[in-house]
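Okay, here's what each chain looks like letter by letter:
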Amino acid sequence: MRLADLEHKRVAVWGCGREGRAALAVLRRRFPRQHVTLFCSEAEAAALVADARVSFRSANASDKPNILVVTTPVDEAALAAFDIVIKSPGISPYREPYCTAENAGVRFTSGTALWFGERSQARTICITGTKGKSTVSALIAHLLRAGGRLTALAGNIGMPLLDLLDVAAEPDWWVIELSSFQTRDFDGAPTVAVINNLYEEHLDWHVNGANYAADKLRIAARAKRLVINAGQKRLVAMTQGDLADSFNQVSGWHMRDGELWRADRRVLARGEIPLPGTHNALNVCAALAAIEAASEDAVSSAPFVASFKGLPHRLQYLGERDGIDYVNDSISTTPYAAIEALRSVGERRSTILVGGFDRGVDWTPFVEHVGRHPPHAVVTLGANGDAIAARLEALKTPVALASTDSLAAAVGRARSLTETGGAIVLSPGAPSFDQFSDYAERGREFARLAGFDPTAIAAIEGLGIA
């Protein structure tokens, strides 16, 4: 779908997060006299008032941009009044009232889909995967820029593509992070697509694991070149793609004996990669494989990995207080991410904080990992904390275990359990929505509770075109 398809149509925007606001701003610029309805919460509507890009309905100036804001609950009847609805990524197409409205003939699209409709000729590297996609995206942009390429970094990482729809100079490359919510609606044709890994997540949105995998992998069939993690046999089987461009295999970019190799050529020592953990070493492999698939010189780019700055809330070392190290991994929203956190910091000296919003994912892999490699202590919290604790208690493993109801209580309990020289790691393995607005707010609160300045945790750097 293109923007021209919206002209003279009954159009609504459903949701007013970053993508919703970006869509409203584009509609204002392209169709200044067209009326648009916005479905959002009262809090979102209040925040929108401060956005100078958007104008509200004016009773005395009908020729000005008109946006009618509706804050009452959205139902099938409300949606049926429109020809096209631009929905925010968080709205599931598997839930009502979406399903009934679609069956009634309402057409749905998204800000990301509209951008791809407008910029079908752009050279794009699109990155998705359950975990690590933001780091891989930022790494690719960093390396391309270091090599002299004008590069855009946008998408799920924190800048809506529609914010960069009208640019003065066309970038050499668009590096775009896509969530499973966005790939489900995806109809673009990326120059290069990267699927970093595939685990079970977001079952509250996708309803089941089969839908999640299918939605995540829609991008594979549309890509001109596909880069996947060849070490994930399930991912390889599901994509049925040519592995020539893939990583984590001896014929491509891979880790061997703690060093980074391109086939039989040693390229970097582990000490030249500034990110902790084996999973981050594989993220570097993914980024370099993507650059190579884009016909850029990945080997020459590799030394610039050393100057990459890790993203906030991703195994972020906050510092030491009273002989204890604190690590903020609030971005961890799957049990697999919590496992990688334990591997990265060293199990025997760490206390890990896990739990949060319950999406219905299976915690068996984490429980089994703790059974084989017990950390010093596990403190659970949040809506699914008690259930995780019950699973861990059944292990009969010599690990200190405590269950709490809040992050503040969890940090306090972790302090009492952790010995001098140890580490307290927030790696919840679950979303934050039961207690916080997002993972960033949770991470900042963890920093405050640990005795650090939460405002010192910067936003992601490098978004936009540079």
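Worth saying up front: this structure is predicted, and the values here are computed from it rather than measured.

Rules used in this analysis
- Residues numbered from 1 in each chain as written.
- Predicted model: local features only at pLDDT ≥ 70, side-chain atom pairs only at ≥ 80, totals over all residues.
- Heavy atoms only, no water.
- Core = buried A, V, L, I, M, F, W, Y, C linked by side-chain atoms within 4.5 Å.
- Buried < 20%, exposed > 50% of the residue type's maximum accessible area, 1.4 Å probe, protein only.
- Helix = DSSP H or I, 4+ residues; strand = E, 2+ residues; numbered from the N terminus.
- Pairing = 2+ DSSP bridges.
- Axes fitted to C-alpha atoms, helices over the stretch in contact; angles between N-to-C directions.
- Contact = heavy atoms within 4.5 Å.
- Expected span 1.5 Å × (residues − 1).
- pLDDT = per-residue confidence, 0-100.
- Phe/Tyr/Trp six-rings, centres within 6.5 Å; stacked < 30°, edge-to-face > 60°.

## Section: the nonpolar core
Now for step 1: Membership of the largest hydrophobic core comes to 46 residues, with the highest contact counts inside it found for Leu-6 and Trp-115.
Now for step 2: By residue number, the principal contributor to this core is helix α1 (residues 18–30), which donates five residues.
Now for step 3: Grouped together as the second largest cluster of nonpolar side chains are 39 residues, Leu-144, Ile-273, Ala-302 and Val-305 included.

## Some points on the sheet that holds strand β11 (residues 253–256)
Now for step 1: As summarised here, the arrangement of the three strands in space is β11-β12-β13, forming an open sheet in which the pairing is antiparallel. Two strands in the sheet have a free side with no partner beyond their single neighbour: β11 and β13 (265–269). Going from strand to strand, the sheet's axes swing by 35° on average, the running direction of each strand aside.
Now for step 2: Relative to strand β12 (residues 259–262), β11 runs antiparallel, the two being bridged by four bridges. By the bridge assignment for β12, Met-255 is matched with Leu-260.
Now for step 3: Seen against the sheet, helix α12 (residues 278–293) touches β11 and β12 and runs at an angle of roughly 150° to β11.

## Quick word on the pairing of strand β8 (residues 173–177)
Now for step 1: Judged by how many residues are buried, β8 sits mostly within the fold: five of five residues are covered.
Now for step 2: In β8, alternate side chains face the same way, and those of Trp-173, Val-175 and Glu-177 on one face and Trp-174 and Ile-176 on the other are all buried.
Now for step 3: Relative to β8, strand β6 (residues 124–128) runs parallel, the two being bridged by four bridges. Bridge pairing in β8 places Ile-125 opposite Val-175.
Now for step 4: Alignment of strand β7 (residues 151–155) against β8, held across five bridges, turns out to be parallel. From the neighbouring strand, Leu-153 faces β8, where its bridge partner is Val-175.

## Here's the deal with the sheet that holds strand β18 (residues 400–403)
Now for step 1: The strand order β14-β15-β19-β16-β17-β18 describes an open sheet built from six strands, whose pairing is mixed. Each edge of the open sheet is held by one strand with a lone partner, namely β14 (316–321) and β18. Across this sheet, the average inter-strand angle for adjacent strands is 15°, counted without regard to direction.
Now for step 2: Pairing of strand β16 (residues 350–354) with strand β19 (residues 423–426), which is carried by four bridges, proceeds in the parallel orientation. Looking across to β19, one finds that Ser-350 is bridged to Ala-423.

## Describing α1
Now for step 1: The terminal C-alpha atoms of α1, which comprises 13 residues, lie 19 Å apart, in line with the 18 Å expected from a rise of 1.5 Å per residue.
Now for step 2: Considered for burial, the residues of α1 that qualify are Glu-19, Gly-20, Ala-22, Ala-23, Leu-24, Ala-25, Val-26 and Leu-27.

## Details of the confidence of the model for the protein
Now for step 1: For the protein, the average pLDDT comes to 93, and 96% of its residues sit at 70 or higher.
Now for step 2: In this model, residues 57–65 is a region of pLDDT below 50 whose contacts with residues beyond four sequence positions or in other chains number 14 contacts.

## Remarks on unusual backbone geometry
Now for step 1: With an omega of 10°, the peptide bond between Glu-96 and Pro-97 qualifies as cis.
Now for step 2: Checked against the element boundaries, Pro-97 lands in the loop between β4 (84–87) and α4 (98–103).
Now for step 3: Even without being a glycine, His-8 presents a positive backbone phi close to 65°.
Now for step 4: Mapped onto the elements, His-8 comes out in the segment before β1 (11–14).

## As for the packing of aromatic side chains
Now for step 1: In total, this model carries 13 aromatic pairs according to the counting rule given.
Now for step 2: Between Trp-14 and Phe-108, the aromatic rings sit 6.3 Å apart at their centres with planes inclined by 40°, giving tilted as the arrangement. One end of the pair, Trp-14, is in strand β1; the other, Phe-108, is in strand β5 (residues 107–109), and 94 residues separate them in sequence. For the pair formed by Trp-14 and Phe-108, the shared burial category is buried.
Now for step 3: The interplanar angle of 85° and the centroid separation of 6.2 Å between the aromatic rings of Tyr-94 and Trp-205 together place this pair among those described as edge-to-face.

## A short note on helix α14 (residues 335–345)
Now for step 1: By the criterion of burial, α14 is predominantly enclosed, with eight of the eleven residues buried.
Now for step 2: Within α14 the residues assigned to the buried category are Pro-335, Ala-337, Ala-338, Ile-339, Glu-340, Ala-341, Leu-342 and Val-345.
Now for step 3: Residues of α14 that are buried make contact with α12, β15 (324–328), β16, α15 (364–372) and β19.

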